[in-house]
Amino acid sequence: MRFIVKTTLKIFQKKRAAMRFRPTNTPPKHYLLAIGLILVIVVFAQVLNRYLPYTSLLLLFLAGVLLISAKTSFGPALLSSVFSFLTFNYFFTEPYYTFNILHKADVATLIIFLMAALMTAHLATQMREAIAKQEMALNRLSHFYEFSQMLSSATNTEATIEILWEALRRVLSNDGRVVIAIQQESNLILHPEGISSGHPSEEVFKLMLSKHLDGETWHKGWLFFPLRRDGRLLGLVAINERINDKQITAIETFCQLTAVVLHRTMLVAELSQTKLLAETEQLRATLLSSVSHDLRTPLSSIIGASSSLREYAQHLSTDDQQLLIQTIEDEAHRLDRHIQNLLDMTRLSQGKLNLNREWMDIDDLINGAISRLGHQLENVQFVLELAEDTPMLYVQGLLIEQAIFNLLDNAIRHNKEELAITLIVQHDDNWIMLDIIDNGPGIADAEKEKVFNMFYSLAQGDRHESSLPGTGMGLAICRGMIEAHGGEVIALDNPYGKGTMMRVKLPNNSNNANFN
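In this report, we go over the structure that sits alongside the text. (Residues numbered from 1 in each chain as written. Predicted model: local features only at pLDDT ≥ 70, side-chain atom pairs only at ≥ 80, totals over all residues. Heavy atoms only, no water.)

From N to C terminus, the chain includes 13 helices and 12 strands. For the chain, the proportion of its 516 residues judged to be buried stands at 40%. The long-range share in the chain, meaning contacts at least 24 apart out of those at least 6 apart in sequence, stands at 65%. If you sum the accessible surface of the chain, you get close to 29,500 Å²; carbon and sulfur atoms cover 55% of it. (Helix = DSSP H or I, 4+ residues; strand = E, 2+ residues; numbered from the N terminus. Buried < 20%, exposed > 50% of the residue type's maximum accessible area, 1.4 Å probe, protein only. Contact = heavy atoms within 4.5 Å. Areas by Shrake-Rupley, 256 points an atom, 1.4 Å probe, with all protein chains shown as cover.)

Where helix H5 (residues 104-152) meets helix H6 (residues 157-171), the closest approach of the two axes is 9 Å, and the angle between their N-to-C directions is 165°. Here H5 is positioned roughly antiparallel relative to H6, judged by the angle of their axes. Here the hand of the crossing between H5 and H6 comes out right-handed. The residues of H6 that touch H5, namely those facing Phe147, Met150 and Leu151, are Thr160, Ile163, Leu164 and Ala167. (Axes fitted to C-alpha atoms, helices over the stretch in contact; angles between N-to-C directions. Parallel < 35°, antiparallel > 145°, perpendicular 65-115°, else oblique. Left-handed = near helix turned anticlockwise from the far one by under 90°.)

Under the criterion given, the structure shown has 11 aromatic pairs. Plain terms: the ring middles of Tyr90 and Tyr97 are 6.0 Å apart, the flat faces sit at 70° to each other, and that makes the pair edge-to-face. An aromatic cluster is present here, built from Phe61, Phe88, Tyr90, Phe91, Phe92, Tyr96, Tyr97 and Phe99 joined pairwise through their rings. The ring centre of Phe452 lies 4.1 Å from the NZ or CZ of Arg479, which sits over that ring. The lysine or arginine in question, Lys505, covers the ring of Trp431, its NZ or CZ lying 4.8 Å from the ring centre. (Phe/Tyr/Trp six-rings, centres within 6.5 Å; stacked < 30°, edge-to-face > 60°. Lys NZ or Arg CZ within 6 Å of the ring centre and 35° of its normal.)

Residues Ile366, Ile404, Leu408, Ile421, Leu434, Ile436 and Met502 are the most contacted members of the largest nonpolar core, which totals 41 residues. Looking at this core, the element that brings in the most residues is helix H11 (residues 397-413), giving 9 residues. Every residue in contact with Ile404, bar those within four places of it in the chain, is listed here: Leu365, Ile366, Ala369, Leu434 and Ile436. The next biggest cluster of nonpolar side chains, apart from the first, holds 30 residues, and it includes Phe147, Leu168, Leu172 and Ala259. (Core = buried A, V, L, I, M, F, W, Y, C linked by side-chain atoms within 4.5 Å.)

This next bit is on the sheet that holds strand S12 (residues 500-507). Adjacent strands of a sheet pair through backbone hydrogen bonds, lying either parallel or antiparallel. With mixed pairing, 5 strands are arranged side by side in an open sheet as S7-S9-S10-S12-S11. Every other strand in the sheet has two partners, leaving strand S7 (380-386) and strand S11 (488-493) as the edge strands with one partner each. Here the strands of the sheet are splayed against their neighbours by 15° on average, with no regard to which way each runs. Lying over the sheet, H11 contacts S7, strand S9 (419-427), strand S10 (431-438) and S12, oriented at roughly 145° with respect to S9. Its contacts with the sheet put helix H13 (residues 474-484) on S11 and S12, and the angle it makes with S12 is roughly 25°. (Pairing = 2+ DSSP bridges.)

See below:
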């Protein structure tokens with residue numbers, strides 16, 4: 001018996017040295033499970049002992065050791081191996097119910113069994129730990145993937161910081177001792193806001209940023225992680241908590257991924273700012289060009305006609321004088337329209353279009369817009385189809401009238417031949433629709449949306465075909481006015497033949513009307 005114990009101890013020491021066994025916090029229930037399972041096997045083996053050789057029963061004990069090793073840790077597996085060895089010796093080898101061994105063959109059998117049990121416990125435990133490590137690695141990869149997916153949807157710095165903050169909360173046990181600082185231009189964004197006295201101050205973060213950290217650094221009890229991308233230090237993460245190597249690795253990975261997204265958002269912001277400046281400069285140049293041309297033309301006509309009247313009035317007939325006076329009046333109205341469009345464009349671009357709504361009859365608005373066309377009505381045939389039960393509009397009348405005027409003026413200016421314009425008013429429970437249909441050359445499908453862009457007709461479109469060129473602002477202002485009322489305006493093909501149909505849709509508020 002002493003020989004067996006010494007042999008077992010030697011085997012255990014060799015196994016321990018080979019495995020570099022380190023004790024872990026194994027729950028006591030695992031040891032109880034190991035003892036209970038071996039006792040159950042003992043009872044079951046007592047029954048089978050009547051039918052099988054007693055040496056065959058060792059397989060049952062080996063299976064028990066394998067099961068304990070797969071479900072628990074090495075400690076319970078070791079206990080089950082030794083306990084199996086002792087119980088088998090006690091119950092199934094002669095002399096029975098003692099720890100003595102009568103036959104030398106049983107000594108060899110028990111030693112081989114003990115070695116096999118220890119080896120089985122070791123291999124099964126290693127396999128279980130390897131599977132556990134793989135699962136942990138898979139979970140970490142899953143967390144990193146989820147984190148990267150969330151970062152990919154971040155559109156600004158604040159959203160990126162919030163995503164990083166939530167990720168750090170899952171890694172650390174004390175989320176209240178984490179501070180994130182992002183350097184944005186000359187400002188320093190701290191998260192969370194309202195930092196308490198125990199947290200690093202803004203001056204401390206500026207000091208650490210000035211050191212251009214390459215890795216984690218301790219400073220006054222805080223561990224600082226850099227957010228660095230392409231040699232540029234974008235920010236810092238400060239943690240006041242004792243963390244292990246795995247947590248440090250996870251935090252470094254989060255910081256690297258966050259730095260990539262921060263760098264991307266900053267580049268996008270810089271690109272957007274550069275694009276905005278370029279568009280603003282282009283808009284300014286276009287506006288100056290438009291104003292200088294479209295205001296100078298009617299002014300030149302007015303100056304020419306008025307100077308001709310002053311210098312040659314006595315040599316001109318009455319009809320010629322009336323023609324010059326008509327020219328002055330027409331060009332003055334044209335100049336007034338340009339100025340009105342500029343004012344409307346300014347109000348729309350600045351968001352200062354305040355609506356003073358009232359109930360208006362759409363028939364009055366259409367007639368008011370038509371009457372403002374003046375001499376442009378020559379060679380234009382109007383047809384108005386208006387149902388008697390058309391509801392009233394709850395709008396600011398002057399703006400809708402101006403929008404209708406812009407649509408009619410655009411249709412007339414861009415058609416040289418005799419023009420027929422049909423205005424059809426329809427309605428349903430939700431919308432009141434005004435269709436302005438002309439028989440002009442029409443608008444190409446590719447340009448139906450572009451014609452509503454500001455200054456579009458200056459470079460493209462059909463301005464060159466018009467005898468009365470415009471600024472390219474009329475339709476853009478029209479859409480802005482209609483959309484300010486919750487409606488929309490779109491360009492369509494003439495459903496009845498050649499030409500264009502401009503459809504204006506405005507909300508039908510008659511169901512909630514209180515005309516009193």
